Amino acid sequence: MIRGIVDFLRGSIDTTAPSQRQKLFFEGGPDHIYAVGDVHGCDDLLGRLEDLIFEDCRKRDGSKWLIMLGDYVDRGPKSASVLDRLIAKPRADIKRFCLAGNHEDVMLDFLRNPSSDHQWLDFGGLETLYSYGLHKLPANRQALKNLLQSRIPDEHVAFLESLPSMLSIPGFCFVHAGLRDGVLLADQVDADLLWLRPGAVGKAAAANGIIAIHGHTPVAKVEVGPARVNVDTGAYMSGTLSAVRLSRRSAPEIIQCS
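Residues numbered from 1 in each chain as written. Predicted model: local features only at pLDDT ≥ 70, side-chain atom pairs only at ≥ 80, totals over all residues. Heavy atoms only, no water.

Draft legend 1. Highlighting the packing of helix H4 (residues 102-112) against helix H7 (residues 154-162). Across the interface, H4 lies against H7 with an axial gap of 10 Å and an inter-helix angle of 130°. The pairing of H4 with H7 is recorded here as oblique in orientation. Helix-helix and strand crossings are classified by hand; for H4 and H7 the assignment is left-handed. Two secondary-structure elements touch here, H4 through Glu104, Met107, Leu108, Leu111 and Arg112 and H7 through Val157, Leu160 and Glu161. When the residues that make up the contact of H4 with H7 are grouped by side-chain class, the tally is five nonpolar, no polar and three charged. (Axes fitted to C-alpha atoms, helices over the stretch in contact; angles between N-to-C directions. Helix = DSSP H or I, 4+ residues; strand = E, 2+ residues; numbered from the N terminus. Parallel < 35°, antiparallel > 145°, perpendicular 65-115°, else oblique. Left-handed = near helix turned anticlockwise from the far one by under 90°. Contact = heavy atoms within 4.5 Å. Nonpolar A, V, L, I, M, F, W, Y, C, P; charged D, E, K, R; others polar.)

Below, the structure is given as structure tokens:
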């Protein structure tokens with residue numbers, strides 16, 4: 001059932017339109033990077049993981065980045081609170097980047113084309129609407145649109161629209177889902193960056209001489225391989241939210257909370 005919904009959504013949303021999301025390319029990176037997997041409305045877990053990350057980064061000299069890998073909304077109970085947290089300034093000396101996930105794209109599609117039978121509602125969207133206090137949706141499209149505009153803050157919508165689909169530094173590429181084989185990083189499209197599964201393609205990172213850091217595909221524990229690191233441990237199902245710290249001259253270190 002879920003796979004069918006995913007296939008429908010990927011096919012029905014125009015993710016290959018010319019208006020691609022921004023891609024961030026940096027000539028150099030910081031001394032430490034913390035990359036966080038899919039949150040999916042688990043704001044309590046995110047708060048606890050942030051505490052661990054901020055405590056860790058205060059012990060380390062040099063510059064630090066916090067990179068969120070997408071899928072902040074849906075399925076879990078507190079999507080609105082997660083967006084509030086990510087819009088606010090971090091509580092530590094760290095620069096935060098938030099990337100887009102496929103669930104952010106589908107939520108935006110619903111907000112632009114709302115209907116009481118939109119597939120997003122079966123894709124975790126109902127839980128997101130509940131987090132805004134919306135438990136009953138009017139059947140009339142205009143009434144539904146008016147209700148959404150009155151309850152979902154404009155800053156939340158602007159945040160979702162502004163999210164880049166990729167962040168790249170020498171040696172590493174951060175995306176929500178995956179990279180398409182045989183395609184240069186600058187030419188990768190959002191439909192792949194936000195939707196691909198590691199089993200579908202797996203050589204793109206190695207071919208580009210980089211390590212891909214991603215989420216999107218839940219795993220029992222963080223996967224650290226030669227060409228990619230998967231940080232999605234299915235927080236809304238497992239109760240465990242994970243991050244990986246990448247530091248100069250040291251092996252990746254996993255940080256988790258439950």
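Draft legend 2. How the structure looks around the side chain of Asn230. Secondary-structure assignment places Asn230 in strand E9 (residues 228-230). Judged by its relative accessible area of 1%, Asn230 falls in the buried class. Among residues more than four places away in sequence, those in contact with Asn230 are His214, Gly215, Thr217, Val219, Val222 and Glu223. (Buried < 20%, exposed > 50% of the residue type's maximum accessible area, 1.4 Å probe, protein only.)

Draft legend 3. View of the packing of aromatic side chains. Within the structure shown, the criterion is met by seven aromatic pairs. Between Phe26 and Phe97, the ring centres sit 5.6 Å apart and the planes meet at 70°, which makes this aromatic pair edge-to-face. Highlighted residues: Phe26 in the loop between strand E1 (23-25) and strand E2 (32-36) and Phe97 in strand E4 (residues 95-98), separated in sequence by 71 residues. Counting every residue linked through ring pairs, the aromatic cluster contains Phe26, Trp65 and Phe97. Stacked on the ring of Phe123, the Lys or Arg Arg75 has its end atom at 5.3 Å from the ring centre. (Phe/Tyr/Trp six-rings, centres within 6.5 Å; stacked < 30°, edge-to-face > 60°. Lys NZ or Arg CZ within 6 Å of the ring centre and 35° of its normal.)

The quantities given are spatial measurements derived from coordinates; they are silent on function.
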